[in-house]
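Here's the letter readout for the chains.
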Amino acid sequence: MKLKCVIVDDELMARLSLERLCEKREELEIIGIFDQSTEGLNFLREKIVDVLFLDVEMPGLNGLELLDQLSYMPSVILTTSKTEYAFDAFQYQVTDYLKKPISLPRFMQAVDKVIDKKTAVKAPVVPKNTDPNEIYVKTEGRYIRIEYDNILYVENVGDYVKIRTNQGSHIVYATMKNLEEKLNPKFFFRVHRSFIINLSKIVDIEESNLVIADKVIPISRANKPELLEKLNIL
């Protein structure tokens, strides 16, 4: 398991210490180190990461305010020189809370928690109905009910899937295969290795792609014949 991680901390020595500690775990791959919370937030809005080492007290946007602005929740390990934020950490359901200076054994314990959490994650849950018309997805520590008619499409984004709805998007730690098995095939079809669509939301179809809302979605050549069979074509 290779976990993409980011460090956001305004203290130079803290960043260097975390970088050295991360290098001791082969499971961790650092893809970004930031000394300003706003720069870290901009990066996290563009890239989906697995682990976020986040300082609580930073000038401008603090660590908890940064989390409030994320559209998804990676495994967060808060780092701080104070213990007064422990209750807030619990409220945000972070994976662990490390007090500076961070010792190697304590760091290793935190990373082990992340790995245990990742390996224990299950696919999105669907109520055990014989003919479901909704799905429940776990995001930010709670289960959210999404009706089939509200789903436009599902897109693969690395180790996550993005469920696009009429109101916005939900990013869930799951595989396309697991989600495809959960969605009712009467309403959904996998047109491409990276996309599952709601058949009722298609606007138009061209030779090698289709349009849903404002999104142009590719159709694989192998899946196009089956797609056309599912449509009520005059």
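In this text, all values refer to a predicted model and were calculated from it rather than measured experimentally. (Residues numbered from 1 in each chain as written. Predicted model: local features only at pLDDT ≥ 70, side-chain atom pairs only at ≥ 80, totals over all residues. Heavy atoms only, no water.)

J.: So what's going on with the sheet that holds strand β14 (residues 209-212)? Which residues, and what values?
T.: Taken together, the three strands give an open sheet; going across it, the order is β13-β14-β15, and neighbouring strands pair in antiparallel fashion. In this open sheet, the two edge strands, each paired with only one partner strand, are β13 (204-205) and β15 (215-218). Two strands pair when backbone bridges link them, and β13 and β14 are joined in this way by two bridges, in the antiparallel orientation. By the bridge assignment, Asp204 is partnered in β14 with Val211. (Pairing = 2+ DSSP bridges. Helix = DSSP H or I, 4+ residues; strand = E, 2+ residues; numbered from the N terminus.)

J.: Mind laying out the pattern of salt bridges, listing which residues take part and the relevant values?
T.: Taken as a whole, this structure holds 15 salt bridges when the rule is applied. Residue Arg106 is joined to Asp96 by a salt bridge in which the shortest nitrogen-to-oxygen separation is 2.7 Å. Here the residue Arg106 occupies a position in helix α5 (residues 104-120), and Asp96 occupies one in strand β5 (residues 96-99), the gap between them amounting to ten residues. Residue Asp96 is classed as buried on the basis of its relative accessible area of 6%. (Salt bridge = Lys/Arg side-chain N within 4 Å of Asp/Glu carboxyl O. Buried < 20%, exposed > 50% of the residue type's maximum accessible area, 1.4 Å probe, protein only.)

J.: Break down the packing of aromatic side chains for me, with residues and values.
T.: All told, the structure shown has seven aromatic pairs when counted by the stated rule. Judged by centre distance (5.1 Å) and plane angle (45 degrees), the rings of Phe34 and Phe43 are tilted. In terms of burial, Phe34 and Phe43 fall into one category: buried. With a centroid separation of 5.3 Å and 70 degrees between ring planes, the pair formed by Tyr160 and Tyr173 is classed as edge-to-face. On the criterion of sequence distance, the pair formed by Tyr160 in strand β9 (residues 160-165) and Tyr173 in strand β10 (residues 169-173) is long-range, its members being 13 residues apart. Judged by relative accessible area, Tyr173 falls into the partly exposed class, the value being 25%. (Phe/Tyr/Trp six-rings, centres within 6.5 Å; stacked < 30°, edge-to-face > 60°.)

J.: Account for the sheet that holds strand β11 (residues 188-192), with residues named and values stated.
T.: Taking strand neighbours across the sheet as the criterion, the five strands line up as β10-β9-β8-β12-β11 in an open arrangement whose pairing is antiparallel. Sheet topology places β10 and β11 at the edges, where each strand pairs with a single neighbour. Strand-to-strand twist of the sheet, defined as the mean angle between neighbouring strand axes without regard to direction, takes the value 20 degrees. For strand β8 (residues 151-157) and strand β12 (residues 195-198), the ladder comprises three bridges, and the chain directions are antiparallel. Paired with Tyr153 across the strands is Ile197, a residue of β12. (Axes fitted to C-alpha atoms, helices over the stretch in contact; angles between N-to-C directions.)

J.: Lay out the side chain of Lys224 with the relevant residues and their values.
T.: Secondary-structure assignment places Lys224 in helix α7 (residues 224-230). No salt bridge is formed by the buried Lys224; the nearest opposite charge belongs to Glu207, separated by 4.1 Å. Excluding residues within four positions of it along the chain, Lys224 makes contact with Glu206, Glu207 and Ile219. (Lys, Arg positive; Asp, Glu negative; His and termini not counted. Contact = heavy atoms within 4.5 Å.)

J.: If you had to explain the environment of Lys201 to someone new, which residues and values would you point to?
T.: Within the secondary structure, Lys201 is located in the loop between β12 and β13. On the accessibility criterion, Lys201 (18% relative accessible area) is buried. Contacts of Lys201, omitting those with residues within four sequence positions, involve Asp149, Ile151, Leu152, Asn166, Val211 and Ile212. Within the structure, the side chain of Lys201 is placed 2.8 Å from the backbone oxygen of Asp149, a separation counted as a polar contact. (Polar contact = N/O pair within 3.5 Å; in protein donor to acceptor, adjacent residues only side chain to side chain.)

J.: How would you sum up the pairing of β10? Please name residues and give values.
T.: In this structure, β9 lies alongside β10, joined through five bridges in antiparallel fashion. Looking at β10, one finds that Tyr160 is bridged to Tyr173.

J.: Before we move on, can you summarise the pairing of strand β3 (residues 51-55) with the specific residues and values?
T.: Taking burial as the measure, the five residues of β3 include five buried ones, the bulk of the element. Residues Val51, Phe53 and Asp55 point to one face of β3 and Leu52 and Leu54 to the other, with burial holding for every one of them. Regarding topology, helix α3 (residues 63-68) serves as the crossover connection from β3 to the parallel strand β4 (residues 75-80), and that connection is right-handed. (Right-handed = clockwise from strand over helix to strand, strands pointing away.)

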